[in-house]
Amino acid sequence: MSDQDYPSSKEELADYMDRLSFSDAPADAPPRLPANEDIMVTTSIRLPLGLHSRLKELADERRVGVSTLLREWAEAAVAEIDDEDQMISLAEAKRALSRVHPIHRAS
């Protein structure tokens, strides 16, 4: 049995267990995160190829990764739902501005 193999017999298991060392000392806790940091979680989503390609183009134009682009959009959507920052989408802003009548100044 090599160091990378698992024991395959009672004898190999006994030998393997004899080489292990145990301690009652508590394990070191991971370092605390700074107050402004959060743990990043990896998730996956299924997207149609055309949508993914377009997202990649948009991310490339902004010089960010697709993950960063989607995270920023998700943060904006959640903020809008939570009503924290009152963020609106670009489409909503354009729609609102298109309804504003220009000021006609007397000459």
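What the rule picks out here adds up to 3 salt bridges. Of the charged contacts in the structure, one is a salt bridge between R19 and D15, with a shortest N-O distance of 3.9 Å. Of this pair, R19 and D15 both sit in helix α1 (residues 10–19), separated by 4 residues, roughly a single helical turn. The exposure class of D15 is partly exposed, given its relative accessible area of 42%. Where D60 meets K56, a salt bridge forms, and the shortest distance between an N and an O atom there is 3.0 Å. Here D60 and its partner K56 are both found in helix α2 (residues 49–62), 4 residues apart, which amounts to about one turn of the helix. By relative accessible area, D60 is classed as partly exposed at 42%. Residue classification places K56 among the partly exposed residues on the basis of a relative accessible area of 39%.

This paragraph deals with the layout of surface pockets. If you add up the space inside the largest pocket, you get close to 490 Å³. Around the largest pocket sit 15 residues that line it, and V41, T43, S67, L70 and R71 are the ones nearest its centre. If you tally residues by element for the lining of the largest pocket, the top one is helix α3 (residues 66–82), at 6 residues. Tallied by class, the residues present in the lining of the largest pocket amount to 8 nonpolar, 5 polar and 2 charged.

The rules behind these values
Throughout, a residue's number is its position along its own chain's written sequence, starting from 1. With the structure being a predicted model, the display of local features is reserved for residues of pLDDT at least 70 and the display and counting of side-chain atom pairs for 80 or more, all residues being used for whole-chain, interface and lining totals. Based on all heavy atoms of the structure, the side-chain values leave hydrogens and waters out of the count. For this document, the term salt bridge refers to a Lys or Arg side-chain nitrogen within 4 Å of an Asp or Glu carboxyl oxygen. Counting from the N terminus, the helices are DSSP H or I runs at least four residues long and the strands are E runs at least two residues long. Working definition: with a 1.4 Å probe on protein chains only, accessible area under 20% of the residue-type maximum means buried, over 50% means exposed, and in between means partly exposed. Cavities and pockets are defined on a 1 Å grid built over the protein atoms alone: a cavity is a set of grid points where a 1.4 Å probe fits but cannot escape, while a pocket is an open set with protein on both sides within 12 Å along at least five of seven lines, and lining residues are those with an atom within 4 Å of any such point. Grid points are joined across faces, edges and corners, and a volume is the space filled by probe spheres set on the points. Amino acids are sorted into nonpolar (Ala, Val, Leu, Ile, Met, Phe, Trp, Tyr, Cys and Pro), charged (Asp, Glu, Lys and Arg) and polar (every other residue, Gly among them).

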